[in-house]
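# Structural overview for review
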Amino acid sequence: AQNVTVEEIVTAYKQACQKLNCKQIPKLLKQIQEFKDLAPRIDCLDLKGEKLDYKACEALEEIFKRVQFKIVDLEQTSLDEDGASALFDMIEYYESATHLNISFNKHIGTRGWQAAAHMMRKTNCLQYLDARNTPLLDHSAPFVARALRISSSLVVLHLENASLSGRPLMLLATALKMNMNLRELYLADNKLNGLQDSAQLGNLLKFNCYIQILDLRNNHILDSGLAYLCEGLKEQRRGLVTLVLWNNQLTHTGMAYLGMTLPHTQSLETLNLGHNPIGNEGIRNLKNGLIGNRSVLRLGLASTKLTCEGAVAVAEFIAESPRLLRLDLRENEIKTGGLMALSLALKVNHSLLRLDLDREPKKESVKSFIETQKALLAEIQNGCKRNFILAKEKEEKEQKLQQSASMPEISVTEPLGEGLAEDAQDGSTGTALEEGEEAEETALASENGDAEPAEEDGDGGDATDSDSDTDEEEEDTGFETKDSSDAPQTPGAATATPEKPREQPRHDAGAGDPAASPASAPSQGNERRISVSSPGRGHKIFVVTRVESLPERAADGGRPRWDAETPSSTPPPKAELPAPRANGALPEATATGPERGDPAAHDAPLPNGLKMDFARALPDVAPDGEGKTGTCAAEH
């Protein structure tokens, strides 16, 4: 409603309660009194724990028709079918919420879910739906599935402990294959099995590359189910970022499947395998897959029955990984030998920022080893601190680079030498050669992983396939790749590209034909150097030596040059376009100057793509026309 006041809302709500003969909710009245600015969406309407029967829900319409909210929290409000369907209809009609929590309402029934599905389908503003511990049974699931398939604005869907195993999950997974908006799907505690349920989820991963978080903790996926999931994971190119498989009875057999899959996944950044009896053999099966993977940044191995042998395998992975940020090894029997391996691995690893281990040392037969364990734990902690400081420094450096390269700026400078000096100072710390590669990294360092793929030659080919691989690696870690450190000595294709235009104009500007030499002196003074810095690409320099209405020609040695040296103020020499002879034939190549040394020059197309024969139609340029043709028509 327009121009509504808090008093109006309170009065309308109280009158509705009297009319419907239901109790007012003190918690609600208190919240209404505290509303400040009613024009935009108000942060939250919190009704958690309040008992809402049908009449109480009807009274709420007086609020919903006047103000909108970001969050409407209806957790544990004992909603029945009538109350739930009335509330969902209101929220749909008035677009009351962007985040809706209906968790712990076990009795909303088929009609309640039907109204919820209608709300999901029709409301464009609803982005988050939390229905934890609200059973979605066989007869209700088809409504929700249809809503998710057709078009839903939902980005986050929580369906933990919603009795999904079997037909409901099959309907949901089939519907979500076509959904392009959902990003986070939480299916914990649903007793999902390792056969049909896992096959449905594996199938979903094959076809949906938009879901970024899939949480399957506390189910019964088993090794057989993990094989199905791995089949789907192999198909994920730029999709799943987080996979949680916590407590799913996975063993070393399942790790063999996962180890073969990991080298193929390009977007997976967080993998949580905690509370599964993986054991040392499982980690050995996983190790090569992790080393071959180029995207995993966080790995959870808490309570996975590891001992020192398993810790040694993990340490081998840490030593090889240039991008791992966090590793959780708590609740494992890792003693002196394992800690020693981890400490040594951290000496060569510069990316790991957090390594979680049990604080208390494990019992050893030799008492002095307990002190050794404490010293090793401190060493490991210091290694992570060192990496954190390095990462912070690198992040600050990259922020400075991003600030200088975030806005495409065009600076025009007069002499070439001056411009090069300016370019070196243009918000950067080193030479353009050193920065080319770093600026490229900053383009990939955005957290959302949606950065534009860098178009590189040579070594950089992989970066085009996996943005998210370098995402947090560049931003959060202090590790520098070899390419980056070698940049000043042997610049790659990415850094060499900006350099070519720098030298070429220098050569072109001086090496004119003898006839044009008087004109070339002013041309050097008038020449305008344009430095363009674009995000993630260093500086590209172009020299504009002439501005003319005739089609300009890029400075390219293969084709005939069209008056590249002469400034616009002087008329072009007659040799530029040969005058047609009386019989209409073009003169031979003998009339060309040194610039036109190519014998096949008269066959080459004009800069606008027309054949050379069309030059016959061009009239001679008047000596006082300042390089322009007589009429617009002739010019065109």
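Here goes a summary of the coordinates provided. Note that the structure is predicted; figures quoted are calculated from it, not measured.

Summed over the entire model, instances satisfying the criterion amount to three aromatic pairs. Ring centres of Phe64 and Phe69 lie 6.2 Å apart, and the angle between their planes is 85 degrees; on these two criteria the pair is classed as edge-to-face. Plain terms: the ring middles of Tyr93 and Tyr94 are 5.0 Å apart, the flat faces sit at 85 degrees to each other, and that makes the pair edge-to-face. Chaining the aromatic ring pairs together yields one cluster made of Phe35, Phe64 and Phe69.

Take the pattern of salt bridges next. On inspection of all chains with the given rule, the structure shows 18 salt bridges. Arg330 serves as the salt-bridge partner of Asp328, at 2.8 Å between the closest nitrogen and oxygen. Given the relative accessible area of 10%, Asp328 is considered buried. For Arg330, a relative accessible area of 33% puts it in the partly exposed group. Among the salt bridges present, the one from Glu379 reaches Lys347, with a minimum N-O distance of 3.1 Å. Residue Glu379 is found in helix α15 (residues 368–405), and its partner Lys347 is found in helix α14 (residues 336–348); the two are separated by 32 residues along the sequence. Relative accessible area serves as the criterion here: at 37%, Glu379 is assigned to the partly exposed category. The partly exposed category is assigned to Lys347, whose relative accessible area is 48%. One continuous salt-bridge network, built from bridges that share partners, spans Lys48, Glu75, Asp130 and Arg132.

Before going further, it helps to spend a moment on the environment of Leu325. Assignment of secondary structure puts Leu325 in the loop between α13 (308–320) and β11 (326–328). Judged by its relative accessible area of 6%, Leu325 falls in the buried class. With 29 residues separating them along the chain, Leu325 and Arg354 place their C-alpha atoms 6.5 Å apart.

Residues Gly254, Met255, Leu258, Gly259 and Thr261 constitute the buried set of helix α11 (residues 252–261). Buried positions in α11, seen along its axis, are confined to an arc of 160 degrees and lie on one side of it. Packing partners of the buried residues in α11 comprise α10 (222–235), β9 (270–272) and α12 (279–292).

Attention now moves to the side chain of Asn276. Within the secondary structure, Asn276 is located in the loop between β9 and α12. In terms of polar contacts, Asn276 uses its side chain to reach the backbone amide nitrogen of Leu250, at 3.1 Å. At 3.0 Å, the side chain of Asn276 forms a polar contact with the backbone oxygen of Leu273. Contact partners of Asn276, with chain neighbours within four places excluded, come to Leu245, Trp246, Asn247, Asn248, Gln249, Leu250, Ser303 and Thr304.

The terminal C-alpha atoms of helix α6 (residues 109–122), which comprises 14 residues, lie 20 Å apart, in line with the 20 Å expected from a rise of 1.5 Å per residue. For α6, the complete set of buried residues consists of Gly112, Trp113, Ala115, Ala116, Ala117, Met119 and Met120.

Take Asp215: it is sitting in strand β7 (residues 213–215). Polar side-chain contacts of Asp215 include one of 3.1 Å to the side chain of Arg217. Those residues in contact with Asp215 that lie beyond four places of it in its chain are Leu185, Tyr186, Leu187, Ala188 and Val244.

Calculation notes
Residue positions within a chain follow its written sequence, with the count starting from 1. Owing to the predicted nature of the model, reporting of local features is limited to residues with pLDDT of at least 70; listing and counting of side-chain atom pairs is limited to 80 or more, with chain, interface and lining totals taken over all residues. To get the side-chain values, take all heavy atoms of the structure and skip hydrogens and water. Pairs were defined over the aromatic rings of Phe, Tyr and Trp, the Trp ring being its six-membered one, requiring ring centres within 6.5 Å. Orientation was assigned from the angle between planes: stacked under 30 degrees, edge-to-face over 60, tilted for the rest. Each salt bridge in this description consists of a side-chain nitrogen of Lys or Arg and a carboxyl oxygen of Asp or Glu lying within 4 Å of one another. Note on exposure labels: buried denotes an accessible area under 20% of the residue type's maximum, exposed denotes more than 50%, and partly exposed covers the range between, all computed with a 1.4 Å probe on protein chains only. Comment: elements are numbered from the N terminus, with helices defined as DSSP H or I runs of at least four residues and strands as E runs of at least two. Throughout, the arc means that of the directions going from the helix axis to the C-beta atoms. A contact between two residues is defined here by any heavy atoms of the two lying within 4.5 Å. Pairs of N or O atoms within 3.5 Å make up the polar contacts considered here, provided that, within protein, one atom can donate a hydrogen while the other can accept it, and that residues adjacent in sequence are counted only when both atoms are side-chain atoms. Expected span, for any helix, means 1.5 Å times one less than how many residues it has.

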